[in-house]
Amino acid sequence: MSDGSGSRAAAVRAVAAVIGRGQLLDVALADSGAEPADRAFVQALAFGSLRFGHRLKEVAALLATRKWDALSPEVQALLLVGLYQLEYADTAAHAAVSATVAAARRVGEVPAAGFINACLRRFQREREALLAMVDQSVGGRTSHPAWMVDAIERDWHDQAERILQANNIHPPLTLRVNARRTTPEALAEELALAGHVTHTVPFAPSALDLEKPTDVRALVAFTEGRCSVQDAAAQLAVPLLAARAGMRVLDACAAPGGKTCHLLEAVPDLAEVVALDIDAGRVDRIRDNLDRLGLAATLRVGDALDPAATGGGLFDRILIDAPCSGTGVIRRHPDIKWLRRPRDLTALVERQQRMLQALWPQLAPGGRLVYATCSVLRAENVTVIRKFLAATPEAVDVTESASLAVAGLPPLPAPRGPGLALVPGVAGTDGFYYACLERAG
Ligand SMILES: C[S@@+](CC[C@H](N)C(=O)[O-])C[C@H]1O[C@@H](n2cnc3c(N)ncnc32)[C@H](O)[C@@H]1O
């Protein structure tokens, strides 16, 4: 019989690859060596260990005689995976300890096995006192790196801790109904027959939350193109764009095509949708999604900063779903807490500003540009838009009137500046920012 060390070792390899080598968690999990039967468990262990890892790292620092930075990524990961099981998982404590200690041998850390065993056992004995110490700081109790706590506190003041706590909540699996092929009611019925309970989302009429997450690839409705996976906040881009039949639309950062496909599903008879992305591999994913959903767009690989990349001509609508820090989607990607660095922000903001400047001249007079990020940081949102508006007299901020057209939006925290900010913990969605700008004339 398996001693459970194989699954722990796979989770440890994945966590070590993220925290030690800066790999994306999805990639690290694919390379973790997890047995097919263990994949869901390994994924849960790795996600949980990273999600709560900054809290557990502080606990480990109190337990260990050696400094955290002096430990190898594998030993750090063994501590995180072991402590995660003891504090958050359903695993029996003795099994968690023995399987994690045995995993030390599997990941080539034989000499550390005794040390891991001692740390985990001491945590069991002194749990309350250790957590009380760690939980004195916001970073400890919400499990975030200090720079991220500082940035979110600076931007969101007394709402910061709610946002930080919401980043640790398991996200719902939200589907977007393909309006070309079915209706939310019919899809909900179809899923109910397959044993899935769904809930509607008041402000996103195409969205259905699945009560229990599942592997969507196993849903016939997904493989047959009646639905896609998309958070409800991301489903606001299309109503805010307010495109109509006959219009030419540019999705300037389109891959993997979530918003392009939503637009094509929701608005019939558009003259053309150009879906541009700089990454050729990701453009292939747009193509796959269009094919699965029975939709068509003009696909282009190119740099949105290059005016020639869009193929020329003016657009009635432009969507810039800009590359950003991803600080609004941490609940889905806890590796962001480990991979993102404060210095990344400068380059991101510069690119966001340059994208706006490069694409604005391609907007037809009277047209609308929607700028979106999945960031909760003002530097990438309000500040970028404010600066752009100040430098561009013919740009008019119409976010307020555009958002009035979205029925059922809950009261949102004021972003203290132009735009609309959904932050984690308010409407059950990811964090998203939108600004709608129209070109006068
Ligand atoms: C937030 S994702 C877009 C998500 C997409 N809109 C969706 O809903 O599925 C940002 C995208 O911008 C692309 N990107 C980054 N820099 C770019 C550039 N200079 N020009 C065009 N695309 C770029 C990335 O490859 C990435 O696919």
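About the cut-offs
Residues numbered from 1 in each chain as written. Predicted model: local features only at pLDDT ≥ 70, side-chain atom pairs only at ≥ 80, totals over all residues. Heavy atoms only, no water. Domains from an automatic or database assignment. Near = heavy atom within 4 Å. Polar contact = N/O pair within 3.5 Å; in protein donor to acceptor, adjacent residues only side chain to side chain. Helix = DSSP H or I, 4+ residues; strand = E, 2+ residues; numbered from the N terminus. Nonpolar A, V, L, I, M, F, W, Y, C, P; charged D, E, K, R; others polar. 1 Å grid on protein atoms, 1.4 Å probe; cavity = no way out; pocket = protein on both sides within 12 Å on 5 of 7 lines; lining within 4 Å. Points joined across faces, edges and corners; volume = space filled by probe spheres on them.

Domain assignment breaks the protein chain into domain 1 (5-136), domain 2 (173-229) and domain 3 (234-439). A separation of 35 Å is found between the C-alpha centroids of domain 1 and domain 2.

To continue, consider the site of the ligand. What surrounds the ligand is a group of 19 residues, the closest being Gly258, Asp277, Arg282, Asp303 and Asp321. Within the backbone of Cys253, one N or O atom sits 3.0 Å away from a nitrogen atom of the ligand. Contact distances for the ligand include 2.8 Å between a nitrogen atom and a backbone N or O atom of Ala304. Breaking the shell around the ligand down by element, the ones donating at least two residues are helix H14 (258-266) and helix H17 (344-359). For the shell around the ligand, the class distribution of residues is nine nonpolar, three polar and seven charged.

Taken as a whole and assessed by the stated rule, the structure comprises two cavities of 30 Å³ or more. For the lining of the largest cavity, the secondary-structure elements that each account for two or more residues are strand E11 (420-422) and strand E12 (432-439). Looking at the lining of the largest cavity residue by residue, the classes come out as ten nonpolar, two polar and one charged. For the second largest cavity, the calculated volume is near 40 Å³. Taken together, Ala237, Val238, Leu241, Val249, Asp251, Lys259, Thr260, Leu263 and Leu319 make up the full set of residues lining the second largest cavity. Of all the secondary structure elements, the ones that give two or more residues to the lining of the second largest cavity are helix H13 (237-241), strand E5 (248-251) and H14. Its residues assigned to classes, the lining of the second largest cavity shows six nonpolar, one polar and two charged.

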